[in-house]
Amino acid sequence: MRFADRMSLLGTETAFEVLVKARALEATGRDVVHLEIGEPDFDTPRHVIEAAKEALDQGYTHYGPSAGLPELREAIAQDVARQRGTTVQASQVVVTPGGKPIMFFVIMALAQPGDEVIYPNPGFPIYESVIRFVGATPVPIPLREDKKFSLDVNELRDLVTERTRLIILNSPQNPTGGILPQADLQAIAEIAVQRGIPVLSDEIYSRMVYDGEFHSITTCDGMQELGIILDGFSKTYAMTGWRLGYGVMPEELAVHVTRLMTNSNSCTSSFSQRAALAALTGPQEPVDAMMAEFRRRRDIFVEGLNTIPGVRCAMPGGAFYAFPNVSQVSRSCKELADYLLQTGGVASLAGVDFGVYGEGYLRFSYANSQANLRKALERIADCVDQLGHR
Ligand code: PLP
């Protein structure tokens, strides 16, 4: 078979590959603590599952509109408006199978060869992958550990050129757990508005903030015409396998994204969308309980990492990831991640899996039990001890 050149431009998400390796090890009888995959280990709330069953019985087993069921788009518009203190119309909402397609569709709709797209690095690997795939040039904006993994706004301003077509932000952030301060969002919005550049704000962890309130750049002055929100149900409601996400964007872009849906998925699963409606309009206690437990785990895990000589970990402000600096350990982060898995039985990801500026770090997802996190800490400490320091 002869493949189109563009296929060589596509990157991947290493988490899925490490998961396969870890499962293969387990099949040989080894015990592995899974801290690699980015999904809540909680069950989908019961009432959401019941709503899906009911929807199946009611016949939500057919195609629906490409942009999503009208009642769900309306509920999303209201929820996004309530959570962020803004106004949103249902016509701005496009429902997709997971949040990821919004990344793909928005980059596809806005960038082409010759264009530049600024994206966070280390960051979710799919941004860079899709930017390359559409033939545009990825321009990384480094996230800085000494700034709690936020970015330097002056550096961002310097990266903007005549060819910048899109700026991608993600807060709370994967893989660092960092949060962009409100003042920075304001300053970035000013740059975007001045230069007329759309901003794709990946807010998939918007409900996973430990201290203070979540802020969306889309609420800043002038962002109504330029702001694009990516959010969804995967993380907030522990629904990764349901494939349910959405974008909120200016109507003129929603038309294009809807057309991309028609050309690819036709629509998002109808009974899943009815379950999503129940998630948004039903009790929110399961979300609060999950976050309370994530906070306890974060404190245990990050504190534990910081007691390991040669390891230093900033306290994540959101999401469920720890991104320790392991540059003092006498191995590259990739080698260390591999050693931790093969020798220590702890599955993690190397910082470089999230871009060049991730060298010297590991990413752990602490979506695992407190007992397993403690077990992992002991194993990590042993491995680091065996490898020694620089
Ligand atoms: N954005 C970020 C930053 C993520 O970490 C993830 C999933 O890990 C997604 C988007 C995609 O979420 P979904 O599973 O809803 O496609």
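What you are looking at is a predicted structure, and each value in this text was computed from that prediction instead of being measured.

Rules of the game
- Residues numbered from 1 in each chain as written.
- Predicted model: local features only at pLDDT ≥ 70, side-chain atom pairs only at ≥ 80, totals over all residues.
- Heavy atoms only, no water.
- Pairing = 2+ DSSP bridges.
- Helix = DSSP H or I, 4+ residues; strand = E, 2+ residues; numbered from the N terminus.
- Contact = heavy atoms within 4.5 Å.
- Axes fitted to C-alpha atoms, helices over the stretch in contact; angles between N-to-C directions.
- Near = heavy atom within 4 Å.
- Polar contact = N/O pair within 3.5 Å; in protein donor to acceptor, adjacent residues only side chain to side chain.
- Areas by Shrake-Rupley, 256 points an atom, 1.4 Å probe, with all protein chains shown as cover.
- Domains from an automatic or database assignment.
- Buried area = accessible area lost by both parts, 1.4 Å probe.
- Salt bridge = Lys/Arg side-chain N within 4 Å of Asp/Glu carboxyl O.
- Expected span 1.5 Å × (residues − 1).
- Buried < 20%, exposed > 50% of the residue type's maximum accessible area, 1.4 Å probe, protein only.
- Patch = residues over 30% accessible without salt bridge, like charges linked within 9 Å, V, L, I, M, F, W, Y side chains within 5 Å.

## Brief notes about the sheet that holds strand β13 (residues 362-365)
Okay, step 1: Spatially, β10-β13-β12 is the arrangement adopted by the three strands of the open sheet, whose pairing is antiparallel. Both edges of this open sheet fall to β10 (321-322) and β12 (349-350), since each of them pairs with a single strand only.
Okay, step 2: Two strands pair when backbone bridges link them, and β10 and β13 are joined in this way by two bridges, in the antiparallel orientation. Within β13, the position partnered with Tyr 321 by the bridge is Ser 365.
Okay, step 3: Contacts from helix α11 (residues 333-344) reach β12 and β13, with the element oriented near 40 degrees to β13.

## Focus on the site of the ligand
Okay, step 1: Taken together, 14 residues lie near the ligand, and Asn 174, Asp 202, Tyr 205, Ser 234 and Lys 235 sit nearest.
Okay, step 2: Between Lys 235 and the ligand, the recorded distance is 2.6 Å, taken from a side-chain N or O atom to an oxygen atom.
Okay, step 3: Here the ligand, which alone exposes 400 Å², has 93% of that area covered by the protein.

## Describing the environment of Arg 82
Okay, step 1: Looking at the element boundaries, Arg 82 is found in helix α3 (residues 70-84).
Okay, step 2: As a C-alpha pair, Arg 82 and Val 33 span 49 residues in sequence and 38 Å in three-dimensional space.
Okay, step 3: A polar atom in the side chain of Arg 82 sits 2.9 Å from the side chain of Asp 79.

## A look at the domain arrangement of the protein chain
Okay, step 1: Assigned domains of the protein chain: these are domain 1 (5-44 + 285-387) and domain 2 (47-281).
Okay, step 2: Averaged C-alpha coordinates put domain 1 and domain 2 at centres separated by 25 Å.
Okay, step 3: Each partner contributes residues to the interface: domain 1 has 40 residues there, and domain 2 has 37 residues.
Okay, step 4: In this assembly, domain 1 packs against domain 2 so that about 3300 Å² is buried in total across both faces, 62% of it on carbon and sulfur atoms.
Okay, step 5: Taken together, the links from domain 1 to domain 2 amount to three salt bridges.
Okay, step 6: Seen at the junction of domain 1 and domain 2, the total is 21 residue pairs in polar contact (both at pLDDT 80 or more).
Okay, step 7: Looking at the side of domain 1 that touches domain 2, the elements that each hand over two or more residues are α10 (285-306) and β10.

## A closer look at α3
Okay, step 1: For α3, built from 15 residues, the straight-helix expectation of 21 Å at 1.5 Å per residue is met to within 8% by its first-to-last C-alpha distance of 21 Å.
Okay, step 2: Regarding α3, the residues found buried are Leu 72, Arg 73, Ala 75, Ile 76, Ala 77, Asp 79, Val 80, Ala 81 and Arg 84.
Okay, step 3: Residues of α3 that are buried in the fold lie against β2 (93-96), β8 (227-232), β9 (245-248) and α9 (270-281).
Okay, step 4: A positive phi of about 65 degrees marks Gly 85, the residue just after α3.

## As for a nonpolar patch on the surface
Okay, step 1: The grouping of Met 1, Phe 3, Met 7 and Leu 10 at the surface amounts to a nonpolar patch, some 510 Å² of accessible area in total.
Okay, step 2: Judged by its relative accessible area of 42%, Met 7 falls in the partly exposed class.

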